Amino acid sequence: MKGNSISKSLLSVLLGTSLLVGCSSGASNPSSTGAAPETNNAAPTESAGEFTAKIGGVFILSGSSAAYGEAQKKGLDLALEELNETNKGKLKIEIQYEDTGGKKESAINSVNKLINQDNVVAIIGPTLSGEMLAAGPVANEAETPIFGISNTVEGINDIGEFVFRNSLPESIAIPTAMKQAIEKKGSKTAAFIYAENDDFSVSGFQTMKKTAEEMGLQNLGETTFAIGDVDFSAQLTKIKQLNPDVLLVSALYKEGSMVVKKARELGINSLIVGGNGFNNPKVFEIAGPAAEGLIVATPFSPEKQDEKVQKFVKAFEAKYGSKPDQFAAQAYDSLYIMSQSLLAAGTADRNALRDELAKLKDFEGVSGKLSFDEGRNPIGDAVVVEAKDGKFVPFE
């Protein structure tokens, strides 16, 4: 009996120790999507005063819109090299990439995996606004900061307090481009064409239409297409008959560039103003000379004569052999913002990082000065650019 008593006591101690160890790893709650339980705080690896923070990168790295994600990954990788050298002995950042292929379900699965399996402290991405609207709630519910770098539709930050973005909303960029271009050209009438099955493109069209109404432009007509379409002749033939002063195009770069090319081939000589989707060098590959004169707004121009911008452009060109676009620049800035906030937090803790991110004010990045308002929306300025000789230059 005495031996059994000792065995039971020893078993109780071992069970108690096991429970204590289990509790020390942090409470977990099952995800609403049915994924494995998540741990609220990503555990840092610390050594001699340095801690490690693992961050997820969720981008389109394959498929028809891969140029966006490829540029974003390049921007992050360049920033990663610089920051891990600068912060040596204080902070080491690791990035785990996931490819969504531009699909909402893939974005949800990627975010779940990064949070619940890879135990990241934060996520940068996903690339498209529709992906963020689908996957953002997963990160927010898991209390994991998710940082949009190319999500411009309205309502992104309404997902929850763990959702951030440094990408200027279309509600700022599009009116800026339209007002500068249309006022200078003296346009009085407008026609619209947009992708009806893409959240970003629909949101951009709505902003264009609202801005046109506010400017007193006469709306001659609206027409749509679908992502994946390659023939826009029917829609643009109707627009040619309308003969608008300005053609407003809301689309991703592939279809948008084909629309611009076909418009010029059909003899449409209207001023063309596009949304944020056109801010990619692929526009010039697809549209060719037809891109000449296309006007868009962007928070970043590689042609801007600013010391910080030109240092970034030279480093990017040295590493990749090409100039960075807006998507690379905002990705680059996002990791610097993450690094600054992690250092301020002093640990790879999701909640502490969220609180530091929310305090962002007057951050000087390559895509301009940035602050967050009380809703974590970016406060910044857009620059209007025009396509000339195969590149975007400041509109004058």
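The structure this text deals with has already been given above.
Please read these numbers as outputs of a predicted model, since none were measured by experiment.

Q: I would appreciate a short explanation of the overall build of the protein chain in the present structure.
A: When its secondary structure is counted, the protein chain shows 12 helices and 18 strands. Within the protein chain, residue pairs in contact and separated by at least 24 positions form 70% of the contacts whose partners lie at least 6 positions apart. Accessible surface, the protein chain as shown: approximately 17,100 Å² in total, 49% of it carbon and sulfur.

Q: Before we go on, may I ask you to explain the packing of aromatic side chains in this structure?
A: Within a pair of aromatic rings, the relevant descriptors are the distance that separates the centres and the angle that separates the planes. Counting across every chain of the model gives 14 aromatic pairs. Both rings, one in Tyr194 and one in Phe205, keep their centres 3.9 Å apart while their planes meet at 10 degrees; by these two values the pair is stacked. Of the two residues, Tyr194 is situated in strand E9 (residues 189-195) and Phe205 in helix H6 (residues 199-215); the sequence distance between them amounts to 11 residues. Using a relative accessible area of 13% as the deciding quantity, one classes Tyr194 as buried. Its relative accessible area of 8% is what places Phe205 among the buried residues. Aromatic rings pair up to connect Phe300, Phe312, Phe316, Tyr320, Tyr332 and Tyr336 into one cluster. Lying across the ring of Phe162, Arg354 places its NZ or CZ 5.9 Å from the centre. Geometry around Phe164 places Arg376 over its ring, the cationic atom sitting 5.9 Å from the centre.

Q: Please clarify how the environment of Asn280 should be interpreted in this entry.
A: Relative to the assigned elements, Asn280 resides in the loop between strand E12 (271-274) and helix H9 (282-287). Taking the C-alpha atoms as reference points, Asn280 and Asp325, separated by 45 residues in sequence, lie 6.0 Å from one another. Apart from the residues lying within four places of it in its own chain, the contact partners of Asn280 are Ala67, Tyr68, Tyr253 and Asp325. Within the structure, Asn280 has its side chain in polar contact with the side chain of Asp325 (distance 3.2 Å).

Q: When you look at the pairing of strand E10 (residues 218-225) in this model, what are you seeing that I'm missing?
A: On any regular strand, side chains alternate: one points to one face of the sheet, the next to the other face. Note: E9 against E10, 7 bridges, orientation parallel. Paired with Ala191 across the two strands is Gly221, which belongs to E10. Handedness of the β-α-β unit built from E9, H6 and E10 comes out right-handed.

Q: Where do I start with empty space enclosed by the protein in this structure?
A: Over the atoms, a rolled probe matching the size of one water molecule traces out where space is still vacant. One pass over the structure, following the stated rule, counts 4 cavities of 30 Å³ or more. Counted as a void, the largest cavity has a volume near 90 Å³. Forming the boundary of the largest cavity are Asn166, Leu168, Pro299, Asp333, Phe363, Ser367, Gly368, Lys369, Leu370, Gly380 and Asp381. With 3 residues, the single largest contributor to the lining of the largest cavity is strand E15 (residues 368-372). Its residues placed into classes, the lining of the largest cavity shows 4 nonpolar, 4 polar and 3 charged. Of the voids in this model, the second largest cavity is the one considered here, and its volume is about 70 Å³. Together, Tyr68, Thr127, Leu128, Ser129, Ser150, Phe200, Leu252, Asn276, Gly277 and Phe327 line the second largest cavity.

Q: Explanation requested: helix H12 (residues 350-358) in the structure shown.
A: Two residues of an α-helix separated by three or four positions point the same way, owing to the 3.6 residues in each turn. Those residues of H12 that sit buried are Arg350, Leu353, Arg354, Glu356 and Leu357. Buried positions in H12, seen along its axis, are confined to an arc of 165 degrees and lie on one side of it. In this structure Asp349 caps H12, since a side-chain oxygen of it lies 3.0 Å from the backbone nitrogen of Asn351.

Q: Please clarify how the side chain of Thr189 should be interpreted in this entry.
A: Mapped onto the elements of the fold, Thr189 is located in strand E9. In this structure the side chain of Thr189 is engaged in a polar contact, spanning 2.9 Å, whose partner is the backbone nitrogen of Asp245. Here Thr189 is in contact with Leu217, Gln218, Leu220, Asn243, Pro244, Asp245 and Val246, once residues within four sequence places are set aside.

Q: Sorry, what's going on with the pattern of salt bridges here?
A: Close approach of charged atoms allows side chains with opposite charge to pair. Evaluated as defined, the whole model comprises 14 salt bridges. Taking the shortest distance from any N to any O, the salt bridge between Lys323 and Glu303 comes out at 3.1 Å. In this pair, Lys323 is assigned in the loop between helix H10 (307-320) and helix H11 (326-345) and Glu303 in the loop between strand E13 (295-298) and H10, connecting sequence segments 20 residues apart. The partly exposed category is assigned to Lys323, whose relative accessible area is 37%. Classification of Glu303 as buried rests on a relative accessible area of 18%. Between Glu303 and Lys391 there is a salt bridge, and its shortest N-O distance comes to 3.8 Å. Here Lys391 lies in strand E18 (residues 391-394) and Glu303 lies in the loop between E13 and H10, a separation of 88 residues in the sequence.

Q: I would appreciate a short explanation of the nonpolar core in the present structure.
A: Most often, soluble globular proteins have nonpolar side chains that are buried together. Grouped together as the largest cluster of nonpolar side chains are 92 residues, with contacts concentrated most on Val111, Ile124, Phe147, Leu236, Leu247 and Leu335. Contacts of Leu236, omitting those with residues within four sequence positions, involve Ile193, Leu247, Val259, Lys262, Ala263, Leu266 and Ile268. Membership of the second largest hydrophobic core comes to 23 residues, among which are Ala181, Leu248, Ala297 and Phe395.

Q: Help me understand the sheet that holds E15, please; the structure alone is not making it clear to me.
A: Strand pairing in a sheet relies on backbone hydrogen bonds. The paired strands run either parallel or antiparallel. Strand order in the open sheet made by the 3 strands is E14-E15-E16, with antiparallel pairing throughout. Unpaired on one side and paired on the other, strand E14 (363-365) and strand E16 (378-379) mark the two borders of the sheet. Sheet topology note: the E14/E15 ladder contains 3 bridges and is antiparallel. Residue Glu364 lies in a different strand from E15, and its bridge partner there is Lys369. Each of E14 and E15 is contacted by H11, which is oriented at about 145 degrees to E14, the strand it contacts most.

Procedures and definitions
- Starting from 1, residues in each chain are numbered consecutively following that chain's sequence as written.
- Two thresholds apply to this predicted model, a pLDDT of at least 70 for residue-level local features and 80 or more for giving and counting side-chain atom pairs, whereas whole-chain, interface and lining totals are computed over all residues.
- Heavy atoms from the whole structure form the basis of all side-chain values; hydrogens and water molecules are not counted.
- Counting from the N terminus, the helices are DSSP H or I runs at least four residues long and the strands are E runs at least two residues long.
- Two residues form a contact once any of their heavy atoms are found within 4.5 Å.
- To measure how exposed things are, a 1.4 Å probe is used in the Shrake-Rupley method; for residues, cover is taken only from the protein chains shown.
- Any pair of Phe, Tyr and Trp rings, taking the six-membered ring for Trp, is counted once the centres come within 6.5 Å. Such a pair is stacked with planes under 30 degrees apart, edge-to-face with planes over 60 apart, and tilted for the rest.
- Note on classification: 1.4 Å probe, protein chains only; a residue is buried when its accessible area is under 20% of the maximum for its type, exposed when over 50%, partly exposed between these limits.
- Counting as a charge over the ring demands two things of the Lys NZ or Arg CZ atom: a distance within 6 Å of the ring centre and an angle within 35 degrees of the ring normal.
- Here a polar contact is taken to be a pair of N or O atoms separated by no more than 3.5 Å, where protein atoms must pair a possible hydrogen donor with a possible acceptor and residues adjacent in sequence count only if both atoms sit in side chains.
- Note on pairing: two strands pair once DSSP finds at least 2 bridges between them.
- The handedness rule is simple: strands pointing away from the viewer, and a clockwise path from the first strand over the helix to the second, make the crossover right-handed.
- In this analysis, the protein atoms alone were mapped onto a 1 Å grid. Cavities are point sets where a 1.4 Å probe fits without being able to get out; pockets are open sets with protein on both sides within 12 Å along at least five of seven lines; lining residues have an atom within 4 Å of a point.
- Grid points are joined across faces, edges and corners, and a volume is the space filled by probe spheres set on the points.
- Here the nonpolar group is Ala, Val, Leu, Ile, Met, Phe, Trp, Tyr, Cys and Pro; Asp, Glu, Lys and Arg are the charged ones; every other residue, Gly included, is treated as polar.
- Note that the arc is computed from the directions linking the helix axis to the C-beta atoms.
- Salt bridge, as used here: a side-chain nitrogen of Lys or Arg that lies within 4 Å of a carboxyl oxygen of Asp or Glu.
- Here, nonpolar core refers to any group of buried Ala, Val, Leu, Ile, Met, Phe, Trp, Tyr and Cys residues whose side-chain atoms link them within 4.5 Å.
- To obtain an axis, a line is fitted to C-alpha atoms, over the contacting stretch when the element is a helix, and the angle between two such axes runs from 0 to 180 degrees between their N-to-C directions.

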